[in-house]
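Below are the chains, spelled out letter by letter.
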Amino acid sequence: MKAYLAHIRTTMKLTMRDRIVLFFNYLLPLLFFIVFAQSFGADRGGAISQVITMVLIMGVLGSGFFGAGLRAVQERELNILRRFKVAPITPLPLLVSSLVTGVLAYLPSLAMILLVSRFYYGMPWPERWLSLTLLLTLGLVAFRSIGLIIASVVNSMQESQIIIQLMYLPMLFLSGATFPVGMLPHWLQMIAQFMPATYLYTGLNGILVRKESLAENWLPVTGMLITTLVAIFLAVKLFRWEKDEKLPARAKLWIAAVMLPFLLMGGWQLYRQDNIVKAKTLFREMRRNRALLIRGPRIFTGERVISAGGLLIRDGRIAEVYETVPPEKDAKAEVMEAAGKTLLPGLIDARVHLAMLDGGMERKLAAYLYCGVVAVRSVGDPPELRAVRAKIASGELLGAEAVADASPRFDQPSLSAAEARVEASLGKSALLDLSLVLQVAPEGMIEAARKLLKPDGRAPGETLEAASDKLLRAWKAGLPLLAGTDSGIPLLVHGPAIHRELQLWVKAGIPPHAALQAATSANAQALGFADRTGRIRKGLEASFLVVDGNPLEEIAATERISSVFFRGERVDRASLFKVD
């Protein structure tokens, strides 16, 4: 034990006197952190955890491959190790000393980054700071072990640089240290699952964002523990004191043995894809946690109108509703100018038929969100809906929230359904030419629907005029109104019909204010969402849409969608239908 402690003390003293080590361990990570934090807008929330994880991973990779691996080769090449050979010491104390001093030298950098994040960028102190420290420590030990096994099997500095770069660069760019894993194409995400840095990235990010414990990250913990033990064992067996001692080229295959746990984990992830899902949901949470100030829009809260105000969203929720245009400088958030636009709660369709019409469940719910519909009630419960609903809830997928057969059941007429039935009975297809319909309909659906339309001469049931009159009488009688479309029946493609429904309501004599209220706050109350969405109110989920124009004067303006927000995330509508 004396040999271990003595060598650790000596190595630690030499390390702290080395200006190059101090630069790469402390100054460079801090510079990287500040540059990334400013570039990602970390002071606006959301991105700060990603920036911390990126800088920590870069530090771990540098410590492992260059601080341990390259330095060990350099010491052998300069015959420094040869001097230890004459002392009564085995390779193990030297290797353990490298691991311990690497950790002790790097951990102050973690404390420094967390303190800057807390006091300059306003990030709360990590709730699971002990789990964060332990996982980072394990990552440092594991990667320094990998660096040492590389040093053990190469025969020259040139060989070590080639092998280190072949491992370092892919991990740097694919693990999350440079780009969030969730941004990468699916095939690159699959390749990344064979790299230990990827598991360290998702583990550290999970602790920071989701407040996970070390036990919840047992998979990367297990992989790094096994890697460390195998690497130390092989490094002892293959240790060489002098540069003239050469190993055959096949000795480099021992690197694959050290990486075997992660090769096996990568193969498992090809099947399960759990880590890919986790990386994707963490990236989504980062996007949702950003702070955004929307300045100057007309706001329909679901109950009343603010002529020109503002909205601050933070951590996926509405943090503040301003009655007047707020000052840009006070929010500490990204700013979106929306003067002349109208902000209103995400629309809710209280009656659809998800089991009807072609297209997968994921695409149907994505089509609703594309059209600014954040929730639907499905008549019937298609078997595949439950799995898709769980993916949307976790953030793995983007799409409207869906409930099946939720109460209350209402018998008020759907004007868009009445119109569609009349058109279908006459063999007309004008409803398929509406702009939003053409944007969201699956390829080939419109053409196929047109071919099936033929006048049948049968009465379509309730006419549009009769349904409109019934609805107007219900409104005049003060009855509660809910907006449902029966989307899924012929001519009513999933997604856009609620906009047509509102237009028909106004045409029937219902004021735009009442029509919008039915499709937002009233539907939310009826479907059990009122405590989360359906209104623009402080504390509720930030699920809303911004449209060009004023739907309170021209109801068709709801179709002129400028932006859709779902749980704080600004939805990239163009990518909703992309398949990996």
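Residues numbered from 1 in each chain as written. Predicted model: local features only at pLDDT ≥ 70, side-chain atom pairs only at ≥ 80, totals over all residues. Heavy atoms only, no water.

**So, a nonpolar patch on the surface**
Right, on to step 1. Among the surface-exposed residues, Leu115, Phe119, Trp125, Trp129, Leu130 and Leu134 lie close enough to one another that they form a single nonpolar patch of about 670 Å² accessible area.
Right, on to step 2. Sorting the residues of the nonpolar patch by element identifies helix 5 (91-119) and helix 6 (129-153) as the ones contributing at least two each.
Right, on to step 3. In terms of residue count, the dominant contributor to the nonpolar patch is helix 6 (three residues).
Right, on to step 4. Along the chain, Trp129 turns up in helix 6.
Right, on to step 5. We classify Trp129 as partly exposed; its relative accessible area is 46%. (Patch = residues over 30% accessible without salt bridge, like charges linked within 9 Å, V, L, I, M, F, W, Y side chains within 5 Å. Areas by Shrake-Rupley, 256 points an atom, 1.4 Å probe, with all protein chains shown as cover. Salt bridge = Lys/Arg side-chain N within 4 Å of Asp/Glu carboxyl O. Helix = DSSP H or I, 4+ residues; strand = E, 2+ residues; numbered from the N terminus. Buried < 20%, exposed > 50% of the residue type's maximum accessible area, 1.4 Å probe, protein only.)

**Points about the sheet that holds strand 6 (residues 334-337)**
Strand pairing in a sheet relies on backbone hydrogen bonds. The paired strands run either parallel or antiparallel.
Right, on to step 1. Taken together, the four strands give an open sheet; going across it, the order is 5-4-1-6, and neighbouring strands pair in mixed fashion. What marks the edges here is a single partner per strand, and that holds for strand 5 (317-322) and strand 6. Across the sheet, the mean angle from the axis of one strand to that of its neighbour is 20 degrees, orientation sign disregarded.
Right, on to step 2. Two strands pair when backbone bridges link them, and strand 1 (residues 292-295) and strand 6 are joined in this way by four bridges, in the parallel orientation. By the bridge assignment, Leu293 is partnered in strand 6 with Val335. (Pairing = 2+ DSSP bridges. Axes fitted to C-alpha atoms, helices over the stretch in contact; angles between N-to-C directions.)

**Digging into the environment of Val154**
Right, on to step 1. Looking at where Val154 falls in the secondary structure, it is placed in the loop between helix 6 and helix 7 (157-174).
Right, on to step 2. Take Val154: its relative accessible area is 0%, and that puts it in the buried class.
Right, on to step 3. Beyond its immediate chain neighbours, meaning those up to four positions away, Val154 contacts Val73, Arg76, Glu159, Ser160, Ile163 and Arg240. (Contact = heavy atoms within 4.5 Å.)

**So, the pattern of salt bridges**
Right, on to step 1. One pass over the structure, following the stated rule, counts 26 salt bridges.
Right, on to step 2. Measuring nitrogen to oxygen at the nearest pair gives 3.8 Å for the salt bridge that ties Glu212 to Arg210.
Right, on to step 3. Classification of Glu212 by relative accessible area gives buried; the value is 9%.
Right, on to step 4. For the salt bridge of Arg272 with Asp274, the shortest nitrogen-to-oxygen distance reads 3.2 Å.
Right, on to step 5. Using a relative accessible area of 42% as the deciding quantity, one classes Arg272 as partly exposed.
Right, on to step 6. Here Asp274 falls in the partly exposed class, since its relative accessible area comes to 37%.

**Some words on the sheet that holds strand 8 (residues 347-352)**
Right, on to step 1. Spatial strand order, 8-9-10: three strands in an open sheet with parallel pairing. Strands at the two margins of the open sheet, each flanked by one partner only, are strand 8 and strand 10 (401-404). Neighbour-to-neighbour, the strand axes of the sheet open up by a mean angle of 15 degrees, direction not taken into account.
Right, on to step 2. Strand direction decides the pairing type here: strand 8 and strand 9 (residues 373-378), joined by four bridges, are parallel. Counted as the bridge partner of Val352 is Ser378 from strand 9.
Right, on to step 3. Against the sheet, helix 13 (residues 361-370) engages strand 8, strand 9 and strand 10, with an angle of about 135 degrees to strand 9.
Right, on to step 4. The strands touched by helix 20 (residues 512-527) within the sheet are strand 8, strand 9 and strand 10, with strand 8 carrying the most contacts at an inclination of about 55 degrees.

Spatial relationships are all this shows, so hold off on functional conclusions.
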